[in-house]
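# Summary of structural features
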Amino acid sequence: MKPNTQKPVISRLVGVLLLAAGLANAAPTADAPQASEYDYVVVGSGPGGGPLAVNLAKAGYSVFLMEAGDASTATGFGQYPPSITWDFFVGHYPEGDARANQYSHMTWKTPEGRYWVGQTGAPSGSTLLGVYYPRGASLGGSSMINAMCTWLPSDSDWNYVYELTGDETWKAENMHSVFTKIEHNNYMPKGTADHGFDGFFQTNMGAKLQAQRGPLQGNKVAAAYASDFNMTMPMSDLLQRDPNAISADRDTISSVYGLVQHQYSNGGRYSARDYIQAAQKDTSIPLTVSLNSLATRVLFDEGASSKCGSSNAAAPRATGVEYLEGKSLYAADSRRAAGATGTKKTVTAKREVIIAGGAFNSPQILMLSGIGPAEHLQQFNITVVKDLPGVGQSLMDNQEMPIVGSGSAGAGDAGVAMIRTAHPAYENERDMFLMGGQGFLFRGFWPDNQVARLPADPPQPYGVSMVKGSSKNNKGWVKLRSSNPQDTPEINFNHYASGSEYDLEAMKDMIARVRRIYKRVGITPREPPCTAGVDANGSCGKEDEDWLHKQTFGHHPTSTNRIGADDDAMAVLDSKFRVRGVDGLRVVDASAFARIPGVFPVVSTFMISQKAADEMIEEAKAGQAADKC
């Protein structure tokens, strides 16, 4: 996240906002000696692929875990240093749309090769790149750079998959058990219901530690939230309220909460890297980690002469992965040397290949492998293995934007809140997450090493950032630019193309609500601007809507290889993460979600990683998996 440089008074949010290099402190891991054949090959070491690879290996299966980055720590300049980050640049609207390129922090490349950030005024000869969208590119994936917010989704997000597929393992009560299995809770008394204390996934709440020094105080904005919600709980208790406690009405309650993050008890970042490296230290676990290994395509065995067993003799069988070995080979890596191509290698999977590259790279890998919309693949002379039109489609995100004011909210903590707006996406479920504080101006993402002079902030700034949960729009896409696996894909979120009666209207409601709160506590609203003056409800009508179209951003991409019903032509995966129409290939990462889960998908991704591993192990032991190749 990109906070204002002024120091916020809300100490608990510092860990969210300042994704400090010091939190990514695991020691680098050397490339392991490699065989050429393994039971499973996993591409991607983030929250989807990393735990899955470890769990398969712990069950006794040989696993080759491939990571395009290395195991560097977050060294270098800025929040998103090149050592652990890939720089993607995305679109918010289709080319030709009048709203395209209106975001205030567009990124350009100057003739000198430097980044320049702004909507207009870039140096002559600069090239427009798009909206900056950093992704983790290191052992541990984006769990190495994210804000670590750990917020369970609504039960309906899990039950939705059950309703689509009929697979009862997706019911919310079963997914709760998956969470308690993986969680290592560091902030509640051991034995607290709905939590796990013996798993690998570390969770912590900074407010609990802070409260050990005395009762917590909320500032005027937090007090306004509590008043609006008719909360009778003392403010100190609200600021420590557990958002992941399960109750019948959890998903409909508007309240102030404590912020849970995936952290150790000392506040240090926990990521998929920690789980992987702990497994590497145990020589009895047959896990091989191959760093600096960029997957280029999945290999298939096809036709009547196939040497591999298959549940469907007509289906192509995934047998391995082709990859390039070398440092900084991908175009999104700012350290890449011109002309670097690496060394081409292959690795064989006797059982299955699992793709876990995330919502941008997993569909890219599938399409490079011949799985995707046939017409699109043929544009790049890619041999079609399976025509799956849904690959790269259905891209979703949580819309985000700040409401900025000028003035003081007084001493105390702003807390975080989860609110039901007047336009909930699903029945009466809450659908808006709020966080903020004095000096907290989170307007999106841009490269740290940019050279533009950004506009000055208002005096005594106060910000409330909203994150739209349960977003409805699913009309974004990831497409190939070329058949070169070192190129980045074309990514466009196509904001508000569908579901705007929920997404856009809920955000307009929240702007008005926060303005009303600002007025009550003596803060002057500044942003979104309102030249005509706000009405009695705090709304500025079309000006607010226009501002949202221009200034919305996000950082939680999902669903580009989504699970769906058997009769859904756009469904890429079945309920067991298997790619439709081929054998021996699964996708287990945020691209698999049938719809975006809640407000922060990271914990849900760790959960489906565990779910997939458990089911794959059960299938293999029961003799229900595909025959070994």
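Coordinates for the structure precede this section.
The structure reproduced in this document is the subject of the present report. Starting from 1, residues in each chain are numbered consecutively following that chain's sequence as written. Predicted model: local features are reported for residues with pLDDT of at least 70 only, side-chain atom pairs are reported and counted for 80 or more only, and whole-chain, interface and lining totals are derived from all residues. Side-chain figures throughout are based on the complete set of non-hydrogen atoms in the structure, without hydrogens or water.

The subject of this paragraph is the overall build of the protein chain. Counting from the N terminus, the helices are the DSSP runs of H or I reaching at least four residues and the strands are the DSSP runs of E reaching at least two. Scanning the protein chain from terminus to terminus reveals 13 helices and 24 strands. Throughout, radius of gyration means the C-alpha value; the globule benchmark is 2.2 Å times the number of residues raised to the power 0.38. Against the 2.2 N^0.38 benchmark of 25 Å for 629 residues, the protein chain shows a C-alpha radius of gyration of 24 Å, consistent with a compact globule. For the protein chain, the spread of C-alpha atoms along the principal axes amounts to about 75 × 60 × 45 Å. Only protein chains enter the calculation, and the probe is 1.4 Å; a residue is then buried if its accessible area is under 20% of its type maximum, exposed if over 50%, and partly exposed in between. Burial statistics for the protein chain: of 629 residues in total, 63% are counted as buried. Any two residues having at least one pair of non-hydrogen atoms within 4.5 Å are treated as being in contact. Of the contacts formed within the protein chain by residues at least 6 apart in sequence, a portion of 72% connects residues at least 24 apart. Computed with the Shrake-Rupley method and a 1.4 Å probe, the accessible areas treat only the protein chains shown as cover for residues. Approximately 22,700 Å² of the protein chain is accessible, and the part contributed by carbon and sulfur atoms is 48%. Only four residue types enter the tally: Lys and Arg on the positive side, Asp and Glu on the negative side; His and the chain ends are excluded. The location of each charge is read from NZ of Lys, CZ of Arg, CG of Asp or CD of Glu. Both charge centroids of the protein chain, one from 57 positive and one from 64 negative side chains, sit 5 Å from each other.

Attention now goes to empty space enclosed by the protein. Buriedness for pockets is judged along seven lines, at least five of which must meet protein on both sides within 12 Å for an open set on the 1 Å grid over protein atoms alone, while cavities are sets there where a 1.4 Å probe fits but cannot get out, and lining residues have an atom within 4 Å of a point. Grid points are joined across faces, edges and corners, and a volume is the space filled by probe spheres set on the points. Taken as a whole, this structure holds eight cavities of 30 Å³ or more when the rule is applied. Of the volumes computed, that of the second largest cavity is approximately 80 Å³. Taken together, Trp151, Leu152, Pro153, Ser154, Arg250, Asp251, Met418, Arg430, Gly469, Ser470, Gly598 and Val599 form the lining of the second largest cavity. Classifying every residue of the lining of the second largest cavity gives five nonpolar, four polar and three charged. As a working rule, the residues Ala, Val, Leu, Ile, Met, Phe, Trp, Tyr, Cys and Pro are called nonpolar, Asp, Glu, Lys and Arg charged, and the rest polar, with Gly in that last group.

Attention shifts here to helix H2 (residues 49-58). Count 3.6 residues to each turn of an α-helix, and residues three or four apart come out pointing the same way. Among the ten residues in H2, nine count as buried, and that is most of the element. All of the buried residues along H2 are Gly49, Gly50, Pro51, Leu52, Ala53, Val54, Asn55, Leu56 and Ala57. Close packing links the buried residues of H2 with strand S1 (37-43), strand S2 (63-66), helix H8 (272-280), strand S11 (287-290), strand S14 (343-355) and helix H13 (602-621). Gly60 sits one or two positions beyond H2 and adopts a positive phi of about 100°.

With that out of the way, let us pick up the pairing of strand S19 (residues 432-438). In terms of burial, S19 is a largely internal element, seven of the seven residues being buried. By definition, two strands form a pair when at least two bridges between them are found by DSSP. Bridging between strand S18 (residues 416-419) and S19 involves four bridges; their strand directions are antiparallel. Looking at S19, one finds that Ala417 is bridged to Leu434. In the sheet, S19 pairs with strand S20 (residues 461-468) via seven bridges, with the strands oriented antiparallel. Within the sheet, the bridge partner assigned to Phe433 lies in S20 and is Val467.

Time to look at the pattern of salt bridges. A pairing counts as a salt bridge when a side-chain nitrogen of Lys or Arg comes within 4 Å of a carboxyl oxygen of Asp or Glu. By the definition in use, this model includes 28 salt bridges. One salt bridge connects Arg586 with Glu352, and the closest N-O pair in it is separated by 2.6 Å. Taken together, the residues span a long stretch of sequence, with Arg586 in strand S24 (residues 585-587) and Glu352 in strand S14 at a distance of 234 residues. When its relative accessible area of 2% is taken as the criterion, Arg586 is described as buried. Between Asp503 and Lys468 there is a salt bridge, and its shortest N-O distance comes to 3.7 Å. With Asp503 in helix H11 (residues 503-521) and Lys468 in strand S20, the pair connects residues that are 35 residues apart, well separated along the chain. Its relative accessible area of 0% is what places Asp503 among the buried residues. Overall, Lys468 belongs to the buried group, its relative accessible area being 0%. Salt bridges here are not isolated pairs; linked through shared partners, they connect Glu352, Asp574, Arg578, Arg586 and Glu619.

What is shown is where atoms sit, not what they do.
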